[in-house]
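Take a look at the letters that make up each chain.
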Amino acid sequence: MYTVPLPRIGTDIAWRDAAKRLIGAGVSPEDILWDFDNEMGELFAIDTPLPPVTRRIKAPQSFVEMANWVVWHKDPQRFARLYAMLWRLRHQPGLMQDRADADLAKLRQMEKGVHRCKHKMKAFVRFRDLRQGGARRSFAAWFEPTHHTVEPTAPFFARRFADMDWMIATPDVTAQFIDGNLTFHPGQPKPDLPEDATEALWGTYFCNIFNPARLKVSAMTSEMPRKYWKNLPEAQHIHDLIAGAEAKVQQMRDAAPTLPPERVAKIKRQLRGRD
Amino acid sequence: MSRLDLSQKLAILSDAARYDASCASSGTTRRDSRDGKGLGSTEGSGICHAYAPDGRCISLLKILMTNFCIYDCAYCVNRVSSNVQRARFSPDEVVQLTIEFYRRNYIEGLFLSSGIIQSPDKTMDDMLRIAKRLREVENFRGYIHLKTIPDAAPELIEEAGLYADRLSINVELPTDQSVKAYAPEKNPATIRKAMGDVKSRKDVASERSYTGKRGKRFVPAGQSTQMIVGADGSTDATILGQSTMLYGDYKLKRVYYSAFSPIPDATAKLPLIKPPLAREHRLYQADWLLRFYGFGVDEITAARPDGNLDLDIDPKLAWALQNRALFPVDVNRASKEMLLRVPGFGTRTVGRILSTRRHRRLRYDDLLRMGASLKKAQAFIVAQDWTPGGLTDSADLRARFAPPPEQLSLF
C-alpha cells in the first residue's frame, strides 16, 4: 500500500513523478492512496517510499496533455481516476481514441470543467490599481475559482501584464508577479483592496453598450454564471438594466419623429457641393 | 452646450456603438509582452470579459471616436438628422481608456468606429493616429479592430491595416437598392472596392518576396462586415446569397447579421419594429452550414417557397425533413459529408464518431457520450442497437421539433 502526498502548489509535477514510478513498478490502482495537501491527516500516513524510477514509461501524448488539466480539478478522485486510466492504457494503447469509453468520457468531462474554469478566470479577474508609485504600476485582484486553476492560469497573466506588478489572491492559491518573477503562495482570505475610480467608468461602459431592445438574460447567465457576479464590479448594474429595459424601448417607440437639427441643411448643401 | 466629462462622453459614444454586432478578438497573430517593454497579448482565441443582459459578449472597448456625422443613413442612430446628444473623444481619451481598461483585465482591446466628420479622409486619419499611438507610444500588443471609412483614401486604409488586427467595412444592407434608399450618401460600389483593396493588400502581405521575406503584417485577423436584417424587404435567400459572395470574393472572416433594433430618435422613413432576433439566429445557423457543413445556399433556402428560413426549426433540420429519402444514415458506415448533414450532429461530434468508429461499432449511448443531440438525430440515424423504424417518414416528425403555437402578444 502506498500513500502518495501531493502538494497544493506544484500538484501536476508531483503527480506525474509519482505516477511514473508507480506504473513502472507495476503497482495496481487499488494499492495507492492519493493524499492532496494532507487532507487525509495522520491516520493514513503510511511512509512507504515510492519505488525508484526504473525505466522510461511511455504514455500517449494525448493522455499526458489531458492529465495536465485534470490534476487541477476539485474532484478528490481525480488522481485515482487518472492513474486507473494510465493502468488500462498499458494494455489498450488505442483507448485514448475511444470517445465512447465511460472512464475516458468522465476524464474528458473533468478536463472540460478545468478548461472552462481557466477560461473564466482569464475573463473575470478584475484588477484594482494599488497606486503605490514606483517605476512599475501595481495591481491586485481577488478571485474565487471553481477548480485549482490559479497555477496553470497565472502564466497567461504574466505574458499579458508583463510591464506591471500584480497579485491574484484566491482562497486556494495566491499568485504574485513582481519585477517579472511569478511566484505562488498559500491561499488567503479576501484582502481589503483600495477603491479604484476606473471601475465606475467601466460600469458606465457596461450599461451603455447594452441594447435594451435585445434582452436575453439566459444567454448572459449561461456564459457569466451568477456565482461570479459578486467579484465583478459591473454586475451590480445588471438588475437595474433588466428592470428598466422595457420602459426604455417603449420610450423610443413612443417618441414622435423630431425635426432635424438646423445644421442639417447646411451640411447637406456642402456635401452636394463636393460631388 | 456645457462641456462633457469623460464619463458622459463614454456613455454617449458607447451607446452609439452598440449597434455593431462584432466583438470578436480571435484569430490574430500570437503576441505577448514577456519582454517587459509593452502591454498585452493575443493568443489565438479571444476572451469575452463580460456579458451584458442582451446576451452579447463584451470583449473589446467598442466606442465611436465621435457620433457627429454628416451622413444621413435612415437606420443609424448617429445620422445627421437625428437629435441625439453628440460628443467627441480626444485621441488621448481613447488611448487612456483603452490602456486603463486593459490593465484591469476588463477588455481584450479596442474596437474603434466613428461618424464621418468633415471628410472621410480626415475621419480615417484621426482614427489611424489613435491606433498608431496605441502601438508605437504605449507599446500596446492587445487587439485593435478599426471600422474603415470606405470613402477614405486607399493609402489611409492601407496604413490602418498595419496597426489593426482587423478591419471592417459594413455593407449595411443586403442589396444595392436598399443601400441607395436608406443610406443615400453611401455607395455600394465604393464599399466593395474598399473591401477588395484590403483583400489584395492582405494577399500581397502574405506572399514571400524573392528573398523569402514576408511582407509587413497586415490585418492578421482579416476583415469582416455587417448587414442589417429586417430594415428592408430582402429575403433570407438574398441575404445568404450576398454572404456567399462576400466570403468567396473578398475572403471575409465573418459576416455579421444585425437584427434591426429600435434606436432613439428614429426617422419616420424607417418605422421601429421589434428586432427580429429569431431570424437573426437562424441566419447565423445557416451561415455556419454554408461555411463548415458543406451546404449550398439553394439547399438551405429551398424548404420554403418565399425564400426565407423556417423560424420554428433550425435550417439543418428543415433541410433534412425535406430530404428524408436520404435518411436514415448508418453512423457506422456513412461518409463524413453525410454525417455532417445529420440534424443534432456538430462538427465535433462527427470528428469523434469517425475516430471512435475505428475501434468499435457505435451504439445509441455512445453517441450520447460524444455530445450528439439525439432528440434531433434519432429519427435520422441507424446505430448498432438503434433503428428509427417508421419515425423517419412519420407525418408528425416536424411537429415534434417545432414549438407549440404561442398566443400572440400586442407590440
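Everything below is about the structure shown above.
Scope of this entry: the structure provided in the associated data block. Throughout, a residue's number is its position along its own chain's written sequence, starting from 1. Labels are handed out in written order, letters beginning with A for the chains and numbers beginning with 1 for the ligands. Predicted model: local features are reported for residues with pLDDT of at least 70 only, side-chain atom pairs are reported and counted for 80 or more only, and whole-chain, interface and lining totals are derived from all residues. Where side-chain values are given, they derive from all heavy atoms of the structure, hydrogens and water being excluded.

1. Focus: the overall build of chain B
- The secondary structure content of chain B amounts to 15 helices and 10 strands.
- For the radius of gyration, the atom set is restricted to C-alpha positions; the globular benchmark scales as 2.2 Å times the number of residues to the power 0.38. Rg of the C-alpha trace for chain B: 24 Å, near the compact-globule value of 22 Å for 411 residues, within the 12% margin.
- Over its C-alpha atoms, taken along the principal directions, chain B stretches across nearly 70 × 55 × 40 Å.
- Within chain B, the proportion of its 411 residues that are buried is 59%.
- Just so you have it, chain B exposes about 16800 Å², and 51% of that area is on carbon and sulfur atoms.
- For this count, His and the chain ends are skipped, Lys and Arg are scored as positive, and Asp and Glu as negative. Each charge is placed at NZ for Lys, CZ for Arg, CG for Asp and CD for Glu. The centroid of the 60 positive side-chain charges in chain B is displaced by 5 Å from the centroid of its 48 negative side-chain charges. Only runs of H or I of at least four residues qualify as helices and only runs of E of at least two qualify as strands under DSSP, and these elements are numbered from the N terminus. Working definition: with a 1.4 Å probe on protein chains only, accessible area under 20% of the residue-type maximum means buried, over 50% means exposed, and in between means partly exposed. In this description, accessible areas are obtained by the Shrake-Rupley approach with a 1.4 Å probe, and a residue is regarded as covered only by the protein chains that are shown.

2. Quick word on the overall build of chain A
- Assigned secondary structure in chain A consists of 9 helices and 7 strands.
- For 275 residues, the compact-globule estimate of 2.2 N^0.38 gives 19 Å, and chain A exceeds it by more than 25% at 27 Å.
- By its C-alpha atoms, chain A is 90 × 50 × 40 Å across when sized along the principal axes.
- Here chain A holds 275 residues, and 48% of them are scored as buried.
- Contacts were defined at the residue level, with two residues in contact if any of their heavy atoms lie within 4.5 Å. Nonlocal contacts in chain A, meaning residues at least 24 apart in sequence, comprise 68% of its contacts between residues at least 6 apart.
- For chain A, the accessible area works out to roughly 14100 Å², and carbon and sulfur atoms hold 52% of it.
- Between the mean site of the 41 positive side-chain charges and the mean site of the 33 negative ones, chain A shows a separation of 9 Å.

3. Details of the pattern of salt bridges
- One side-chain nitrogen of Lys or Arg within 4 Å of one carboxyl oxygen of Asp or Glu is enough to make a salt bridge. Applying the stated rule across the entire model yields 51 salt bridges over all chains.
- A salt bridge links Asp196(A) to Arg104(B); its shortest N-O distance comes to 2.7 Å. Here Asp196(A), found in the loop between β7 (181-186) and α6 (198-209), pairs with Arg104(B), found in the loop between α2 (91-103) and β4 (109-113), and the two come from separate chains.
- The exposure class assigned to Asp196(A) is buried, which follows from its relative accessible area of 5%.
- Residue Arg279(B) is joined to Asp236(B) by a salt bridge in which the shortest nitrogen-to-oxygen separation is 2.7 Å. In this pair, Arg279(B) is assigned in helix α8 (residues 277-292) and Asp236(B) in helix α7 (residues 236-249), connecting sequence segments 43 residues apart. Across this residue pair, the class does not change: Arg279(B) and Asp236(B) are buried.
- It is possible to trace a salt-bridge network through shared partners that takes in Asp129(A), Arg137(A), Asp196(A), Glu100(B) and Arg104(B).

4. What about the state of the cysteines?
- Note on terminology: pairs of cysteine sulfur atoms within 2.5 Å are recorded as disulfides. The final tally for this structure, using the stated rule, is 1 disulfide over all chains.
- The partner cysteine of Cys48(B) in its disulfide is Cys57(B), sulfur to sulfur 2.3 Å. The sign of the S-S torsion, about -100 degrees, decides the handedness of the disulfide formed by Cys48(B) and Cys57(B): left-handed.
- Since its relative accessible area comes to 21%, Cys57(B) is described here as partly exposed.
- As a non-bridged cysteine, Cys117(A) has Cys48(B) as the owner of its nearest cysteine sulfur, 17 Å distant.
- Note on Cys23(B): no disulfide assigned, nearest cysteine sulfur contributed by Cys57(B) at a separation of 5.0 Å.
- The exposure class assigned to Cys23(B) is buried, which follows from its relative accessible area of 10%.

5. Here's the deal with the interface of chain B and chain A
- Between chain B and chain A, the residue contacts involve 77 residues of the former and 67 residues of the latter.
- Two parts lose some accessible area (1.4 Å probe) when they are put together, and adding that loss for both gives the buried area. Together, the buried faces of chain B and chain A total about 6300 Å²; carbon and sulfur atoms form 58% of this surface.
- Our enumeration of links across chain B and chain A arrives at 9 salt bridges.
- Residues Glu100(B) and Arg137(A) are paired through a salt bridge, measuring 2.8 Å at the closest nitrogen-oxygen approach.
- In protein, a polar contact means a hydrogen-donor-capable atom and an acceptor-capable atom, both N or O and within 3.5 Å, with residues adjacent in sequence counting only if both atoms are side-chain atoms; elsewhere, any N or O pair within 3.5 Å suffices. Summed over the shared surface of chain B and chain A, the result is 33 residue pairs in polar contact (both at pLDDT 80 or more).
- Elements that contribute at least two residues to the side of chain B that touches chain A include exactly α1 (6-15), β1 (50-51), β3 (60-64), α2, α8, α12 (347-356) and α13 (364-369) of chain B.
- Element by element, the count of residues in the side of chain B that touches chain A is highest for α1(B), at 6 residues.
- Asp, Glu, Lys and Arg are counted as charged, while Ala, Val, Leu, Ile, Met, Phe, Trp, Tyr, Cys and Pro are counted as nonpolar; the rest, among them Gly, fall into the polar class. Looking at the side of chain B that touches chain A residue by residue, the class counts come to 36 nonpolar, 20 polar and 21 charged.

6. A word on the nonpolar core
- Judged by nonpolar contacts, the single largest core of 173 residues is most densely connected at Phe127(A), Trp166(A), Phe101(B), Phe345(B) and Leu367(B).
- With 30 residues, the next largest nonpolar core counts Leu6(A), Ile23(A), Trp34(A) and Met96(A) among its residues. By nonpolar core we mean a set of buried residues, namely Ala, Val, Leu, Ile, Met, Phe, Trp, Tyr and Cys, connected to one another through side-chain atoms within 4.5 Å.

7. Regarding the sheet that holds strand β4 (residues 138-142) of chain A
Residues and elements named next belong to chain A.
- Here, strands pair whenever DSSP counts at least two bridges between them. Overall, mixed pairing links the 5 strands, which are arranged β3-β4-β5-β6-β7 in an open sheet. Each edge of the open sheet is held by one strand with a lone partner, namely β3 (128-129) and β7.
- Bridge count between β4 and strand β5 (residues 165-169): 5 bridges; the pairing is parallel. Each residue of the ladder has a partner; that of phenylalanine 139, found in β5, is tryptophan 166.

8. Digging into the sheet that holds strand β8 (residues 254-259) of chain B
All names here are of chain B.
- Strand order across the open sheet formed by 6 strands is β3-β4-β5-β6-β7-β8, with parallel pairing between neighbours. Each edge of the sheet is formed by a strand with only one pairing partner; in this case those strands are β3 and β8. Between one strand and the next, the sheet's axes are offset by a mean angle of 20 degrees, whatever the strand orientation.
- Note that strand β5 (residues 143-147) and strand β6 (residues 166-168) share 3 bridges and pair parallel. If you follow lysine 147 over to β6, its bridge partner there is serine 168.
- Across the sheet, α7 is in contact with β7 (223-229) and β8; its angle to β8 comes to roughly 155 degrees. As a rule, the C-alpha atoms of each element are fitted with a line to give its axis, helices using only the stretch in contact, and angles between N-to-C directions run from 0 to 180 degrees.

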